Amino acid sequence: MGELERIADQLRRALDGDTWSGRSLGSIVGAVPAGRAAERPANGGNTAWQLLAHIGCWLDVARIRFEGAAHDPAPG
């Protein structure tokens, strides 16, 4: 298995598989009701929806870069 395949496998496991660290992100997110995910924490931090959008954006960047293209996400 090459390095890119190993990284892709680890990402798949982290998102929806058997992880070395515990539950996958998909299993955690699936247990959070949509209304709760949209609530802003008391400390003014980001909502769960915002955090997931951030993760999704950077997964897209990684996929595009793995395919050999230079890519940076748009600001915002």
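Look up a bit, the structure's there.
Criteria and thresholds
- Residues numbered from 1 in each chain as written.
- Predicted model: local features only at pLDDT ≥ 70, side-chain atom pairs only at ≥ 80, totals over all residues.
- Heavy atoms only, no water.
- Helix = DSSP H or I, 4+ residues; strand = E, 2+ residues; numbered from the N terminus.
- Expected span 1.5 Å × (residues − 1).
- Patch = residues over 30% accessible without salt bridge, like charges linked within 9 Å, V, L, I, M, F, W, Y side chains within 5 Å.
- Areas by Shrake-Rupley, 256 points an atom, 1.4 Å probe, with all protein chains shown as cover.
- Salt bridge = Lys/Arg side-chain N within 4 Å of Asp/Glu carboxyl O.
- Buried < 20%, exposed > 50% of the residue type's maximum accessible area, 1.4 Å probe, protein only.

*Asks:* Would you mind showing me how to read helix 4 (residues 48-66) here?
*Replies:* Every α-helical turn comprises 3.6 residues, leaving residues that sit three or four positions apart pointing alike. The end-to-end C-alpha distance of helix 4 is 27 Å, a good match for the 27 Å that 19 residues give at a rise of 1.5 Å each. In the segment just after helix 4, Gly68 is the residue with positive phi, at about 100°.

*Asks:* Before we go on, may I ask you to explain a nonpolar patch on the surface in this structure?
*Replies:* Together, Leu4, Leu11 and Phe66 make up a nonpolar patch on the protein surface, roughly 230 Å² of accessible area in all. Along the chain, the position of Leu11 falls in helix 1 (residues 3-16). Residue Leu11 is classed as partly exposed on the basis of its relative accessible area, which comes to 32%.

*Asks:* Help me understand the environment of Ala74 in this model?
*Replies:* By the element assignment, Ala74 lies in the segment after helix 4. Of the residues examined, Ala74 reaches a relative accessible area of 64% and is grouped as exposed. Residues Ala74 and Cys57, 17 residues apart in the sequence, show an inter-C-alpha distance of 9.5 Å.

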